[in-house]
Amino acid sequence: MEKSPVPLLELKSVTKFFGANKVLDDVDLVVNDGEFLTLLGPSGCGKTTLLRLIAGFERPTTGKVIMNGKEISHLSPNRRAVNMVFQQYALFPHMTVFDNVAFGLKMKGLPKEEIEIEVLQALEKVKMNMFYMRYPAELSSGQQQRVAIARAFINNPKILLLDEPLSALDYRLRQEMQIELKELQRDLGMTFVYVTHDQEEALAMSDRVAVLNEGMIEQVGTPIQIYEEPKNMFVAKFVGEINVFDGMVIKVGDNDFETIVEGMFYRLRKPSSFDVLRGSKIKVLLRPEDMIVSKVNDPEAEAPDNALRGVISFLVYKCRLSDARNRLP
């Protein structure tokens, strides 16, 4: 029998205190080789602390950080095969783009000719090879971000850690950089662990998403699993928009069940993620995009089978900018 592959990174029962404040609470997480994993959650939920524990800037109060089957909890950042892109990029202002990216290679003592080749190749991958003689102050925020990423991956870390690197960018550039980052990750074949509080960003870029809340991981799964099959109410409400209705199960079939929702009878598909028991109280969740609004001339007309019937009391115009751009000629 073949042994299952060892995960690239594991966090086992990791807890972190700052004084009396518990920031991470018994966290277990697996990061697979070559994946784009996003840590998603509201401000103060422990995302950045978790990233800093992986990087070695913090050490767990209890628990273990394991890479390739070996514990690295005690290792300093420079002894770990990870690099980090900070929210503020942290470029050296007195160095050119070339020297910023070359810094790590120079510290390793690589020959000058080899450094030049590798730096220019890295800058080409992030589309900054034409700006190699400029200083950070002469670059836009998006250009500085590209340089910071090149400086991080040029040392070939096993994991690249990114702490909300797009937060300082405007909406349009942020959308463009999401695509570029995902393409770069695939091109490099490198593992990315990415921190954001932006749900759309997490769902668009990630292979898997870990949703954090108050220092605990609520759910880990693919973007589709997180959005379509949330494990609890926090995930359902935090990721996207949702309508919540109270219900009670009155009969359970093989593939569906009957329920009373807000005083009305409905037949619903039985979920695969949990058992439905007769007499149990449930929450029925409905995403806005799953609604179909039909105009009925006769207010007494029968609604379609299994439809949620209601009255529209007021309208609010809302347009997603990405959708609006797609409609432009």
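See the structure above.
Here's a quick rundown of the structure. (Residues numbered from 1 in each chain as written. Predicted model: local features only at pLDDT ≥ 70, side-chain atom pairs only at ≥ 80, totals over all residues. Heavy atoms only, no water.)

## Here we look at helix α5 (residues 171–188)
No. 1: Counted at 1.5 Å a residue, the expected span for α5 with its 18 residues is 26 Å, and the 26 Å between its end C-alpha atoms agrees.
No. 2: When we look at burial in α5, the residues that qualify are Leu173, Arg174, Gln175, Met177, Gln178, Leu181, Lys182, Leu184 and Gln185.
No. 3: Directly after α5, the chain includes Gly189, whose backbone phi takes a positive value near 65 degrees. (Helix = DSSP H or I, 4+ residues; strand = E, 2+ residues; numbered from the N terminus. Expected span 1.5 Å × (residues − 1). Buried < 20%, exposed > 50% of the residue type's maximum accessible area, 1.4 Å probe, protein only.)

## Let's talk about the sheet that holds strand β5 (residues 70–71)
No. 1: Strand order in the open sheet made by the four strands is β2-β1-β4-β5, with antiparallel pairing throughout. Looking at the sheet topology across the chains shown, the edges are occupied by β2 (21–31) and β5.
No. 2: Bridging between strand β4 (residues 62–67) and β5 involves two bridges; their strand directions are antiparallel. The residue bridging Ile66 from the neighbouring strand is Glu71, located in β5.
No. 3: Against the sheet, helix α1 (residues 47–55) engages β1 (9–18), β2 and β4, with an angle of about 120 degrees to β1. (Pairing = 2+ DSSP bridges. Contact = heavy atoms within 4.5 Å. Axes fitted to C-alpha atoms, helices over the stretch in contact; angles between N-to-C directions.)

## What to know about the side chain of Lys47
No. 1: Position of Lys47 among the secondary structure elements: in helix α1.
No. 2: Although buried, Lys47 forms no salt bridge, and the nearest oppositely charged side chain, Glu164, lies 4.6 Å from it.
No. 3: One polar contact links the side chain of Lys47 to the main-chain carbonyl oxygen of Pro42, over a distance of 3.1 Å.
No. 4: Apart from residues lying up to four places away in sequence, Lys47 is in contact with Leu39, Leu40, Gly41, Pro42, Glu164, Val195, Thr196, His197 and Leu212. (Lys, Arg positive; Asp, Glu negative; His and termini not counted. Salt bridge = Lys/Arg side-chain N within 4 Å of Asp/Glu carboxyl O. Polar contact = N/O pair within 3.5 Å; in protein donor to acceptor, adjacent residues only side chain to side chain.)

## Brief notes about the sheet that holds strand β14 (residues 281–286)
No. 1: Taken in spatial order, the four strands line up as β13-β12-β11-β14 in an open sheet, and their pairing is antiparallel. Every interior strand has two partners, whereas the edge strands, β13 (264–269) and β14, have only one. Along the sheet, successive strands turn relative to each other by an average axial angle of 45 degrees, direction set aside.
No. 2: In the sheet, strand β11 (residues 243–252) pairs with strand β12 (residues 256–261) via five bridges, with the strands oriented antiparallel. In the strand pairing of β12, Lys251 is matched with Glu258.

## Remarks on the pattern of salt bridges
No. 1: Counting across every chain of the model gives 13 salt bridges.
No. 2: One salt bridge connects Glu35 with Arg208, and the closest N-O pair in it is separated by 2.8 Å. Taken as a pair, Glu35 in the loop between β2 and β3 (36–40) and Arg208 in strand β9 (residues 208–213) lie far apart in primary sequence, 173 residues in all.
No. 3: Within this structure, Lys16, Arg52 and Glu58 form a network of salt bridges that share partners.

## Let's talk about the pairing of strand β7 (residues 159–163)
No. 1: Most of β7 sits out of view: five of its five residues are buried.
No. 2: Neither face of β7 is left uncovered, since the one carrying Ile159, Leu161 and Asp163 and the one carrying Leu160 and Leu162 both have all their residues buried.
No. 3: Sheet topology places strand β6 (residues 82–85) next to β7; four bridges connect them, and they run parallel. The residue bridging Val85 from the neighbouring strand is Leu162, located in β7.

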